[in-house]
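Listed below are the residues making up each chain.
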Amino acid sequence: MLLISCPNCGSRDETEFHYGGQAHVAYPENPNELTDREWAEYLFYRDNTKGAFAERWLHSTGCRQWFNMLRDTVTYEIQAIYPMGSPRPDAAGKVTADTGTASTAADSTTTGSASPDISGTSSSPTSISSTTAPEGATP
Amino acid sequence: MAETAAPANSAQKNLSLRVSPAAPLGAAFEAGSVRGVVELREVPFLTMVGLRVNRNSGAGQRVASVTGGLPAGCGSVSGTGDTSVLWLGPEEFLVVAPTEAHESLGGDLIQALREALGGDAGQVVDLSANRTTFELSGPRARAVLEKGCSLDLHPSVLQAGTALSTEIGNIPAVLWKTGDESFRIFPRASFADFLGRWLLDAMREYASPEVP
Ligand SMILES: [Zn+2]
């Protein structure tokens, strides 16, 4: 069982959450100009990362808000939790932000602030691992 | 066709016909409660209103003046008198008020909330039939809940007056600690039977003498 630290509610069991797939998949600027192949790739093609992976989660039986999580797909270590719309907070995210493909717009779906102190078991949700394995590397 | 006496008003007619979600378990709740140890009952037909509004907006402040405040964060409950507002999300709240506050019984709470919101962004939705209310109380109430709720319910962590949206017995429910040894649980109506039976099962061991 993972303990996931919701930005609004604090640390809760994994069963309270739903997985939302890969984060930072931007909606195409001009969907009409895409070929069928490009559109299909936008809809269905996702990374299959071994190592740090940015993904979306929903606290479905709690505050019903979405947030992003940076999770190691090998160790399940949760490296960071950050708001929807924020760039990925590690080396991979900085590259994305510089090239302008990551959305940095504020997102209204996450308006909470710090975790309340009702949970005592939270692991540091905002810590960012400095060691980010490249795609396919073994951590 | 025989003459039938028409109800004096539609509210009386409704009252005679309505059945609360856990009504079929009423006798079982009575029999399964262990006096002075852990007791369970349904509090039927409370008025509940779903609110969606930004508490920092003008509409939020107008709504707050009707409810006696809007809670600021996870766990907190505000309200005035017998009307309480539970925090469900950053812009989502649940108003819990007595049965008589419902507009079908002449209450004006929901209408007042609608008027406070006005045309601004948000929602005021009558959710009175969405959930029912269980009251679980007694010195063993926490032990019963701990069998199926992963929150830390120890009094040093969970204070009276805290309400949290979580899972109990694997179903989503809102848990409100109303006193040192009393909880209100709000399951959705369709889960009321399941959760009622689950709680009865969890309570059963406390009817027997403790094994040393
Ligand atoms: Zn949450």
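Anything mentioned here points back to the structure above.
Reading the values: rules and limits
- Residues numbered from 1 in each chain as written.
- Chains lettered and ligands numbered in written order.
- Predicted model: local features only at pLDDT ≥ 70, side-chain atom pairs only at ≥ 80, totals over all residues.
- Heavy atoms only, no water.
- Buried < 20%, exposed > 50% of the residue type's maximum accessible area, 1.4 Å probe, protein only.
- Helix = DSSP H or I, 4+ residues; strand = E, 2+ residues; numbered from the N terminus.
- Pairing = 2+ DSSP bridges.
- Axes fitted to C-alpha atoms, helices over the stretch in contact; angles between N-to-C directions.
- Phe/Tyr/Trp six-rings, centres within 6.5 Å; stacked < 30°, edge-to-face > 60°.

A.B. asks: Quick question: what am I supposed to make of the pairing of strand β4 (residues 83-89) of chain B here?
C.D. replies: All names here are of chain B. For β4, the tally of buried residues reaches seven of seven residues, placing the bulk of the element in the interior. Summarising the sheet, β4 and strand β5 (residues 92-97) pair through five bridges and their orientation is antiparallel. Across the sheet, the residue bridging to Trp87 is Phe93, located in β5. What sits between β4 and β5 in their antiparallel hairpin is a turn of two residues.

A.B. asks: What is the right way to look at the sheet that holds strand β5 (residues 66-72) of chain A in this model?
C.D. replies: In a beta sheet, neighbouring strands are held together by backbone hydrogen bonds and run either parallel or antiparallel to one another. Residues and elements named next belong to chain A. With antiparallel pairing, four strands are arranged side by side in an open sheet as β3-β4-β5-β6. Both edges of this open sheet fall to β3 (18-22) and β6 (78-82), since each of them pairs with a single strand only. Ignoring which end each strand starts from, the neighbouring axes of this sheet average 30° apart. Where β5 meets β6, four bridges bridge the pair, whose relative direction is antiparallel. Along β6, the bridge assignment pairs Arg71 with Ile78.

A.B. asks: Before we go on, may I ask you to explain the packing of aromatic side chains in this structure?
C.D. replies: Each pair of aromatic rings is reported with the distance of its centres and the angle of its planes. Residue and element names in this part refer to chain A. The full count for this structure, using the stated rule, is seven aromatic pairs over all chains. Plain terms: the ring middles of Phe17 and Phe67 are 5.9 Å apart, the flat faces sit at 90° to each other, and that makes the pair edge-to-face. Residue Phe17 is found in the loop between β2 (10-13) and β3, and its partner Phe67 is found in strand β5; the two are separated by 50 residues along the sequence. For Phe17, a relative accessible area of 6% translates into the label buried.

A.B. asks: In this structure, what is going on with the sheet that holds strand β7 (residues 133-137) of chain B? I would like to understand it.
C.D. replies: All names here are of chain B. Taken together, five strands build an open sheet; the order of strands is β1-β7-β10-β9-β8 and the sheet is antiparallel. On the outer flanks of this sheet lie β1 (39-43) and β8 (162-168), each paired with one strand and no other. This sheet shows a mean twist of 25° between the axes of neighbouring strands, independent of strand direction. With four bridges connecting them, β7 and strand β10 (residues 182-187) associate as antiparallel partners.

Nothing here speaks to function; it is geometry throughout.
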